Amino acid sequence: MYNQHYITVIIPVLNEEKSIQKVLEDIPGFVDSIIISDNGSTDNTARIAESLGVQVVSEPERGYGAACLKALEHTSNRTDILVFLDGDYSDYPEEMGLLLNPIVYHNYDVVIGSRMLKAESKQHLTPVAGFGNWLSTRLIKLIWNYNFTDLGPFRAVRYSSFQKLEMQDRNFGWTIELQIKAAKHKLNAKEIPVSYRQRIGESKISGTLMGTVKAGTKILYLIFKELF
Ligand SMILES: Nc1nc2c(ncn2[C@@H]2O[C@H](COP(=O)(O)OP(=O)(O)OP(=O)(O)O)[C@@H](O)[C@H]2O)c(=O)[nH]1
Ligand SMILES: [Mg+2]
């Protein structure tokens, strides 16, 4: 519990055996529930997580969004705040309180950890990812007048507000869908600068051309789909 708030952490994973233990070790002790959503890993990610006593759910259909939606099927209704975190040790789990405080103390609904608001973090984003963030957040500002600088994975959402959003995207569009729907539902949203480092293990998305093109296309498609 964090100031009488029940915290559930969701970590989608695909082959993160080299990093998952480090991620779990750095998660603060106040967290009530951790759900690892295994997206068809072929390595030891699930076994390592289970050996550390963490709940692992399995989503065979590839896709970041699909993995999140599967974890949400197993989320306790005692949950007050959801936290999303990547499994590649690029985020700093120990900074979770920074994301929770605006929700617990200042009535915010959505807090995005921005890597663009911290020079030491921004340098670890590929130029294409940086440009993609700039373009998509400018479009959100233009269309829905909400100020974001990043589509960062490390974020916290008040569970009752989250349920209103009826999230649907099953792969790369998840992060931006949440931010667009937060704007459309006029939720109280803000960004907090967070630390970010090079991932452990092979880059799957932002470090690969195919991954970046696929993610970029999906993100732009979602902006125009939500617009119309
Ligand atoms: N790429 C990818 N990651 C997934 C998938 N399902 C779950 N994940 C996890 O989602 C999180 C984000 O994926 P990443 O590959 O780190 O995406 P990224 O941070 O944009 O790019 P890189 O870290 O450079 O690969 C990680 O914990 C992945 O293990 C999937 O189908 N594809
Ligand atoms: Mg990553």
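Our structure's up above, just so we're on the same page.
It should be emphasised that the depicted structure is a prediction, and the values quoted were computed from it without experimental measurement.

Colleague: Before we go on, may I ask you to explain the site of ligand 1 in this structure?
Modeller: Near ligand 1 lie 17 residues; those nearest to it are Glu16, Asn39, Arg199, Ser203 and Lys204. Between leucine 14 and ligand 1, the recorded distance is 2.8 Å, taken from a backbone N or O atom to an oxygen atom. With respect to ligand 1, the side chain of asparagine 39 contributes an N or O atom lying 2.6 Å from a nitrogen atom. Taken by itself ligand 1 offers 590 Å² of open surface, and the protein chains cover 88% of this.

Colleague: Quick question: what am I supposed to make of the pattern of salt bridges here?
Modeller: Under the counting rule described, the total for this entry stands at 11 salt bridges. Arginine 170 serves as the salt-bridge partner of glutamate 59, at 3.9 Å between the closest nitrogen and oxygen. Of this pair, glutamate 59 sits in the loop between strand 3 (55-58) and helix 3 (64-73) while arginine 170 is found in the loop between helix 7 (159-164) and helix 8 (174-184), placing the two residues 111 residues apart along the sequence. With a relative accessible area of 8%, glutamate 59 lands in the buried category.

Colleague: How do you make sense of the nonpolar core when you look at a structure like this?
Modeller: Within soluble globular proteins, side chains that are nonpolar generally end up buried alongside one another. Residues Leu72, Phe84, Phe162, Trp174, Ile176 and Leu178 are the most contacted members of the largest nonpolar core, which totals 32 residues. Put simply, the parts of the chain that give this core at least two residues each are helix 3, strand 4 (81-84), strand 5 (110-114), helix 6 (127-144), helix 7, helix 8 and helix 9 (209-227). Looking at this core, the element that brings in the most residues is helix 8, giving six residues. Among all residues touching isoleucine 176, those that are not within four sequence positions of it are Ser136, Ile140, Leu151, Ile219, Leu222 and Ile223.

Colleague: What is the right way to read the sheet that holds strand 3 from this model?
Modeller: Through backbone hydrogen bonds, the strands of a sheet pair up, either in parallel or in antiparallel fashion. One open sheet accounts for seven strands, arranged 3-2-1-4-6-5-7; its pairing is mixed. Both outer strands of the open sheet, strand 3 and strand 7 (189-193), are each paired with one neighbouring strand and no more. Recorded for the sheet is a direction-independent mean angle of 20° between the axes of neighbouring strands. One ladder, built from four bridges, connects strand 1 (residues 7-13) with strand 4; its direction is parallel. Bridge pairing in strand 4 places threonine 8 opposite leucine 82. Across the face of the sheet, helix 3 comes into contact with strand 1, strand 2 (33-38), strand 3 and strand 4 while running at roughly 145° to strand 1. This element, helix 4 (residues 96-106), spans strand 1, strand 4, strand 5, strand 6 (155-158) and strand 7 of the sheet and lies at about 25° to strand 6.

Colleague: What am I meant to see in the pairing of strand 4 here?
Modeller: A regular strand places its side chains on the two faces of the sheet in alternate fashion. Alternating residues of strand 4 divide into Ile81 and Val83 and Leu82 and Phe84, and every residue in both groups is buried. The pairing of strand 4 with strand 6 spans four bridges and is classified as antiparallel. Following the sheet pairing, valine 83 is matched in strand 6 by alanine 156.

Colleague: I'm lost on the packing of helix 6 against helix 9 in this one. Help?
Modeller: For any two helices packed against each other, one specifies the inter-axial angle together with the distance between the axes. As a packed pair, helix 6 and helix 9 sit with axes 11 Å apart at the nearest point and diverge in direction by 0°. By the angle class used here, helix 6 and helix 9 are roughly parallel. Taken together, the residues of helix 9 that come into contact with helix 6 (itself represented by Val128, Leu135, Ser136, Leu139, Ile143 and Trp144) are Thr212, Ile219, Leu220, Ile223, Glu226 and Leu227.

Colleague: What's the story with the packing of aromatic side chains in this structure? I'm lost.
Modeller: What the rule picks out here adds up to six aromatic pairs. Aromatic pair phenylalanine 84 and phenylalanine 162: ring centres 6.2 Å apart, planes at 40°, arrangement tilted. Note that phenylalanine 84 is positioned in strand 4 and phenylalanine 162 in helix 7, a separation of 78 residues in sequence. As far as burial versus exposure is concerned, phenylalanine 84 and phenylalanine 162 are alike and both buried. Residue class for phenylalanine 162 comes out buried when judged on its relative accessible area of 6%. In this structure, arginine 197 is placed above the aromatic ring of tyrosine 89, and the distance from its NZ or CZ to the ring centre is 3.6 Å.

Colleague: How should helix 9 be read in this particular structure?
Modeller: In this model helix 9 runs 27 Å from its N-terminal to its C-terminal C-alpha over 19 residues, within 8% of the 27 Å that 1.5 Å per residue would give. Among the residues of helix 9, Gly211, Thr212, Ala215, Lys218, Ile219, Leu222, Ile223 and Glu226 are the ones counted as buried. Looking straight down helix 9, one finds that the buried residues subtend no more than 140° of arc, so they occupy a single side. Among the exposed residues of helix 9, those oriented more than 90 degrees off its buried face are Leu209 and Met210. Considering only its buried residues, helix 9 is in contact with helix 6 and helix 8.

The rules we used
- Residues numbered from 1 in each chain as written.
- Chains lettered and ligands numbered in written order.
- Predicted model: local features only at pLDDT ≥ 70, side-chain atom pairs only at ≥ 80, totals over all residues.
- Heavy atoms only, no water.
- Near = heavy atom within 4 Å.
- Polar contact = N/O pair within 3.5 Å; in protein donor to acceptor, adjacent residues only side chain to side chain.
- Areas by Shrake-Rupley, 256 points an atom, 1.4 Å probe, with all protein chains shown as cover.
- Salt bridge = Lys/Arg side-chain N within 4 Å of Asp/Glu carboxyl O.
- Helix = DSSP H or I, 4+ residues; strand = E, 2+ residues; numbered from the N terminus.
- Buried < 20%, exposed > 50% of the residue type's maximum accessible area, 1.4 Å probe, protein only.
- Core = buried A, V, L, I, M, F, W, Y, C linked by side-chain atoms within 4.5 Å.
- Contact = heavy atoms within 4.5 Å.
- Pairing = 2+ DSSP bridges.
- Axes fitted to C-alpha atoms, helices over the stretch in contact; angles between N-to-C directions.
- Parallel < 35°, antiparallel > 145°, perpendicular 65-115°, else oblique.
- Phe/Tyr/Trp six-rings, centres within 6.5 Å; stacked < 30°, edge-to-face > 60°.
- Lys NZ or Arg CZ within 6 Å of the ring centre and 35° of its normal.
- Expected span 1.5 Å × (residues − 1).
- Arc of directions from axis to C-beta.

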